[in-house]
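Descriptive analysis of the structure
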Amino acid sequence: MAELINFPKRKRGVILSSQGWQRLQAAEHLAAIQQNEGRAYTLEQLTHQTQLSPNTLTKVRRRQKPVDQLTLEAYFAAFGLSLSPNDYMTQELEPPASATQPAPFKGQLAVDSPFYIYRPPAEQLCLEAAMQPSALVRIKAARQFGKTSLVARMLSHAEDYSFRVVALSLQLADSRIFSDLDQFLRWLCVMVARSLGLPDELDQRWNSLFGGSYSCSDYFETYLLAAADRPLLLVLDEVNLLFNYPELGADFFGMLRAWYEQGRHSLESQNIWRLLRLVIVHSTEVYLPLNLHQSPFNVGLLIELPQFAPEQVQELALRYGLACSDAEISQIWELVGGHPYLTQLTLFQIAQQQPLAQIAETVTSPNSIYNSHLRQQFGRLEQDADLMAGMQQVIAASLSANRGAILPPNQAFKLQGLGLVAFENQRAVPSCQLYQRYFTQVLQA
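Throughout this description, residue numbers start from 1 for each chain and increase along the sequence as written. The predicted origin of the model limits local features to residues at a pLDDT of at least 70 and limits the giving and counting of side-chain atom pairs to 80 or more, whereas totals for whole chains, interfaces and linings rest on all residues. Heavy atoms throughout the structure, all of them, feed into the side-chain values; hydrogens and water do not.

Side note on the overall build of the protein
Worth spelling out the cut-off: Numbering of helices and strands starts at the N terminus; helices are DSSP runs of H or I of at least 4 residues and strands are runs of E of at least 2. C-alpha atoms define the radius of gyration, and 2.2 Å times the number of residues to the power 0.38 defines the globule rule. Exposure categories follow from relative accessible area, calculated using a 1.4 Å probe and restricted to protein chains: below 20% of the type maximum is buried, above 50% is exposed, and the middle band is partly exposed. Any two residues whose heavy atoms approach within 4.5 Å are treated as being in contact.
Counting its secondary structure elements, the protein contains 18 helices and eleven strands. Relative to the 2.2 N^0.38 estimate, which gives 22 Å for 445 residues, the radius of gyration of the protein is 24 Å and therefore close to what a compact globule would have. Its C-alpha atoms give the protein principal-axis dimensions of about 75 × 65 × 40 Å. Each of the 445 residues in the protein was classed as buried or not, and the buried ones make up 49%. For the protein, restricting intrachain contacts to residue pairs at least 6 apart in sequence, the fraction spanning at least 24 positions comes to 73%.

Put into structure tokens, the structure is as follows:
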């Protein structure tokens, strides 16, 4: 069974973290373009560049056996990088911070959390894109997959460069706000102004004769963006809520596309729309009748956050101070399918001395560590009869020779947005053993 690492007195070395490996690969790639005619460096060339032996380089790059920290510093320095604490995992003297954590993680991880797992190249692409004038970044992933934690890192990075930042979740809006486009856009303007510490000037600047989209755009152009000469990073989270209001959503997203176009394609370097950096975050596939030239979902940078790979589960286990075998990592991965939150929850419980075998045996019991999460997922299905019927079809098909169900696109996308299904040969299947076992029990009863 997985055991807590008995931290030794002797220094054992460090291993590149996923962030460190990402940074090193990016620097090598850039150097290869600039200095090696675009060809990837051979091991012999890397030996010459870093003054490290081929055996040491292989250890570093395979990320399985520890090396001393000075080795990593030398490797990074050879490509103009400085090694930071987040670039490596230590196997040295002190137990990880997880030993002092009062509860398993749920929701956003702090920017400096040692339990944030990088999923290259998502983070680097997001940070680089947000630095570009009139950028548009779309972040898509299932619920509890780390979208908000990634956004927190973007916001922190932007603040380091003196950007103004606003993160606005549409969950903050009452349902009545979505009943009228003009009301929704006024709410948006007030919330952004408040986040920026600006007084509300809607009554003086809003002209309903021109329509909500024009008035909102004018408010941003002449007031919110013009209030400072620094870029504004605006994050709109949970925009999938607008997918339930097709007419409002179509007008709103058309306006966002127009903002992007005004900054992106203007020849004027002083165009104020170039100050806007827009990030759209959602959990389900876009299923709205949007005009191709009015949709913000087919331009800019799309980042789809994947589940954790087994090697990332292994890295997270190390950060929890666990010595898990390859078989145990495989068992955890198959049980929760690499789901980021469920992986965190599982490893936390193991670190609290609950055996993995016991966790796996009791996944559907009322005292299961997953019970609260599973009840929430079931509750979401109960609120939507169409989704409940779709999940029943998926479970029934998974128990038959078909090994998956063919669902209507809208139904399939919503179940995927909840993280409940994955796709194999265009057929929907339960995304992990946990959901397979639980929903077989509650839906086939």
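Further notes follow.
Re the side chain of Ser-398
Convention followed: Any N or O atom pair separated by 3.5 Å or less is treated as a polar contact, with the protein-specific requirement of one donor-capable and one acceptor-capable atom, and with residues adjacent in sequence counted only for side-chain atom pairs.
Examined against the element boundaries, Ser-398 turns out to sit in helix H16 (residues 385-398). Ser-398 gets classed as buried once you look at its relative accessible area, which sits at 11%. A distance of 3.0 Å separates polar atoms of two side chains, one belonging to Ser-398 and the other to Gln-436. Other than its neighbours up to four places away in sequence, Ser-398 contacts Arg-403, Gly-404, Pro-430 and Gln-436.

Focus: a nonpolar patch on the surface
Heads up, the rule is: Residues enter a patch when their relative accessible area is above 30% and they make no salt bridge; the linking distance is 9 Å between like charges and 5 Å between nonpolar side chains (Val, Leu, Ile, Met, Phe, Trp, Tyr). Residue burial considers only the protein chains on display, and all accessible areas are found by Shrake-Rupley using a 1.4 Å probe. Here, a salt bridge means any side-chain nitrogen of Lys or Arg that lies within 4 Å of a carboxyl oxygen of Asp or Glu.
A cluster of nonpolar side chains, namely Leu-209, Phe-210 and Tyr-214, defines an oily patch on the protein surface of about 410 Å² accessible area. Positionally, Phe-210 belongs in the loop between helix H8 (202-205) and helix H9 (212-224). Overall, Phe-210 belongs to the exposed group, its relative accessible area being 54%.

Focus on the confidence of the model for the protein
Rules: Here pLDDT means the predictor's own confidence in every residue, given as a number from 0 to 100.
Averaged over all residues, the pLDDT of the protein is 89; the fraction at 70 or higher stands at 93%. Low pLDDT, under 50, characterises residues 7-11; the stretch is placed with eleven contacts to residues that sit more than four places away or in other chains. Per-residue pLDDT stays below 50 along residues 92-102; that stretch engages in 23 contacts with residues further than four places along the chain or on separate chains.

A few points about the pairing of strand S10 (residues 421-424)
Let me state the cut-off plainly: Note on pairing: DSSP must find at least two bridges between two strands before they are called paired.
Pairing geometry for S10 and strand S11 (residues 427-430), over four bridges, is antiparallel. Its bridge partner being in S11, Ala-422 is matched across the sheet by Val-429. Where S10 folds back onto S11 in an antiparallel hairpin, the turn is made up of two residues, including Asn-425, whose phi is positive at roughly 55°.

Some words on helix H1 (residues 18-35)
Spelled out, the test is: Helix span is expected to be 1.5 Å times the residue number reduced by one.
In this model H1 runs 25 Å from its N-terminal to its C-terminal C-alpha over 18 residues, within 8% of the 26 Å that 1.5 Å per residue would give. Buried-residue contacts for H1 involve strand S2 (14-16), helix H2 (43-50), helix H3 (54-62), helix H4 (69-78), helix H5 (122-130) and helix H11 (310-319). Measuring from the backbone nitrogen of Gly-20 back to the side-chain oxygen at the start of H1 gives 3.1 Å, which picks out Ser-17 as the cap. Residue Glu-37 follows H1 closely and has a positive phi angle near 55°.

Comments concerning the nonpolar core
Generally speaking, a soluble globular protein has its nonpolar side chains buried in company with each other. What counts, and what does not: The term nonpolar core refers to a set of buried residues drawn from Ala, Val, Leu, Ile, Met, Phe, Trp, Tyr and Cys, joined through side-chain atoms within 4.5 Å.
Membership of the largest hydrophobic core comes to 48 residues, with the highest contact counts inside it found for Tyr-370, Leu-381, Met-391, Leu-420 and Phe-439. Broken down by secondary-structure element, the contributors of at least two residues to this core are H11, helix H12 (326-336), helix H13 (340-351), helix H14 (356-361), helix H15 (371-382), H16, helix H17 (409-417) and helix H18 (433-443). Contact partners of Met-391, with chain neighbours within four places excluded, come to Leu-381, Leu-415, Leu-420, Val-421, Phe-439 and Leu-443. In terms of nonpolar packing, the next biggest core, distinct from the first, is built from 44 residues, Ala-173, Val-192, Phe-220 and Val-239 among them.

Concerning helix H10 (residues 246-264)
For H10, built from 19 residues, the straight-helix expectation of 27 Å at 1.5 Å per residue is met to within 8% by its first-to-last C-alpha distance of 26 Å. All buried positions along H10 are accounted for by Leu-248, Gly-249, Phe-252, Phe-253, Gly-254, Met-255, Leu-256, Arg-257, Trp-259, Tyr-260 and Gly-263. Lining the buried residues of H10 we find strand S4 (136-140), helix H7 (181-195), H9, strand S6 (232-237) and strand S7 (276-282).

Section: the sheet that holds S4
Our working definition: All axes are obtained by fitting lines to C-alpha atoms, using only the stretch in contact for helices, and the reported angles, taken between N-to-C directions, cover 0 to 180 degrees.
Taking strand neighbours across the sheet as the criterion, the five strands line up as S5-S6-S7-S4-S8 in an open arrangement whose pairing is parallel. Bordering the open sheet on either side are strand S5 (164-169) and strand S8 (301-304), each of which pairs with just one other strand. Going from strand to strand, the sheet's axes swing by 15° on average, the running direction of each strand aside. Those strands touched by helix H6 (residues 147-160) are S4, S5, S6 and S7, and its axis lies near 170° from that of S6.

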